[in-house]
Amino acid sequence: PKAVAWGECGLDYYRRWLDIENDPTTRPRMREAFAAQAKVAVRRGLPLVVHSRDAEEDTLEVLRETVPREHPVYLHSYTGSVAMMQEFLDSWPHSYVGMAGCVSYEAAWQIHDLARALPLGRLLLETDGPYMPPMPYKGEESHPGHIPWVAKGVANVKGVSVSEVLAAAHANFLRFYRL
């Protein structure tokens, strides 16, 4: 089978804070590994799927250093700031941002802000299985069958129809993965 993308790879400082605090080489080594992965995606001409958690600035910096502006990049299951998301979208015009099941949680106001700010033309839907199932499945393992509920969460926040969200995400999926 032929690969359609490279990843997911990136930076996740969320569970590594103690390592980072105790060993000053941890963060630079993680950045080097991510940069090497990003370079492989570019060299092979494959869209890059990026994971970034509690590492937004470093993620953008590595991407700026390694990924050309026209290269397709997907920031998966993004939960950071609207400002960083906008900078990402502005920097890579063929980029997309993934919304997962947490967009359907009533108290997830930060995720709601992201969904409102994210243009439908740059949206991808995902479950980030098994960790972020949408309502009404919170507490269970998520799976691709939950995508309609993720779409409903995005639609509710954006004030558009579920079918509009699903159609946009499907078109974006085909475009990003060149299918």
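Residues numbered from 1 in each chain as written. Predicted model: local features only at pLDDT ≥ 70, side-chain atom pairs only at ≥ 80, totals over all residues. Heavy atoms only, no water.

Side note on the sheet that holds strand β4 (residues 96-99)
Here is the rule: For two strands to be treated as a pair, DSSP must find at least two bridges joining them. The helix count covers DSSP runs of H or I at least four residues long, the strand count covers runs of E at least two residues long, and both are numbered beginning at the N terminus. For helices, the fitted axis covers only the stretch in contact; all axes are lines through C-alpha atoms, and the angles between them, taken along N-to-C directions, range from 0 to 180 degrees. Contact criterion: two residues are considered in contact whenever any of their non-hydrogen atoms come within 4.5 Å of each other.
Pairing within the open sheet is parallel, and its 5 strands lie in the order β1-β2-β3-β4-β5. In this open sheet, the two strands that pair with only one neighbour each are β1 (6-12) and β5 (123-125). Adjacent strand axes in the sheet meet at a mean angle of 30° when their direction is disregarded. Here β4 pairs with β5 via 3 bridges, running parallel. The residue of β5 that forms the bridge with Met-99 is Leu-125. Where helix α3 (residues 56-66) meets the sheet, its contacts fall on β1 and β2 (48-53), and the angle it forms with β2 comes to roughly 150°. Against the sheet, helix α4 (residues 82-91) makes contact with β3 (73-75) and β4, and its axis sits at roughly 140° relative to β4, the strand it touches most.

Re the pattern of salt bridges
We apply this condition: Whenever Lys or Arg places a side-chain nitrogen within 4 Å of a carboxyl oxygen from Asp or Glu, that contact is recorded as a salt bridge. Only protein chains enter the accessibility calculation, which uses a 1.4 Å probe; a residue is then buried when its area is under 20% of its type maximum, exposed when over 50%, and partly exposed in between.
Inspection of the entire model under this criterion finds 8 salt bridges. Between Arg-27 and Asp-58 there is a salt bridge, with the nearest N and O atoms lying 3.6 Å from each other. In this pair, Arg-27 sits in helix α2 (residues 26-44) while Asp-58 sits in helix α3, placing the two residues 31 residues apart along the sequence. The class of Arg-27 is partly exposed, set by a relative accessible area of 34%. The closest approach of N and O atoms between Asp-58 and Arg-31, which form a salt bridge, is 3.1 Å. With a gap of 27 residues between them, Asp-58 in helix α3 and Arg-31 in helix α2 connect regions that are remote in the sequence. Asp-58 gets classed as buried once you look at its relative accessible area, which sits at 14%.

Observations concerning the pairing of β2
What counts is decided by this rule: By the criterion used throughout, a crossover qualifies as right-handed when its path from the first strand across the helix to the second strand runs clockwise, the strands pointing away from the viewer.
Counted residue by residue, β2 has 5 buried out of 6 residues, so it is predominantly covered. In terms of strand pairing, β1 meets β2 through 6 bridges, oriented parallel. Each bridged residue has a counterpart across the sheet, and for Cys-9 the counterpart in β2 is Val-50. As defined by bridge partners, β2 adjoins β3 across 3 bridges and the pair is classed as parallel. In the strand pairing of β3, Leu-48 is matched with Val-73. Crossover handedness for the path β2 to α3 to β3: right-handed.

A closer look at α4
As a reminder of what qualifies: Throughout, the arc means the angular range of directions from the helix axis out to the C-beta atoms.
All of the buried residues along α4 are Met-84, Met-85, Phe-88 and Leu-89. Viewed along the axis of α4, the buried residues span an arc of 135°, placing them on a single side of the element. Buried positions along α4 lie against α3, β3, β4 and α5 (109-117).

Here's the deal with the nonpolar core
Most often, soluble globular proteins keep nonpolar side chains buried together rather than apart. The condition is simple: Working definition of a nonpolar core: buried Ala, Val, Leu, Ile, Met, Phe, Trp, Tyr and Cys residues. They are joined through side-chain atoms within 4.5 Å.
Within the largest apolar cluster, 48 residues are counted, with the highest numbers of intra-cluster contacts made by Phe-88, Val-97, Met-99 and Leu-125. Sorting elements by how many residues they give to this core places helix α6 (residues 147-158) first, with 6 residues. Beyond its immediate sequence surroundings of up to four residues, Phe-88 is in contact with Leu-60, Leu-63, Val-73, Leu-75, Ser-95, Tyr-96 and Val-97.

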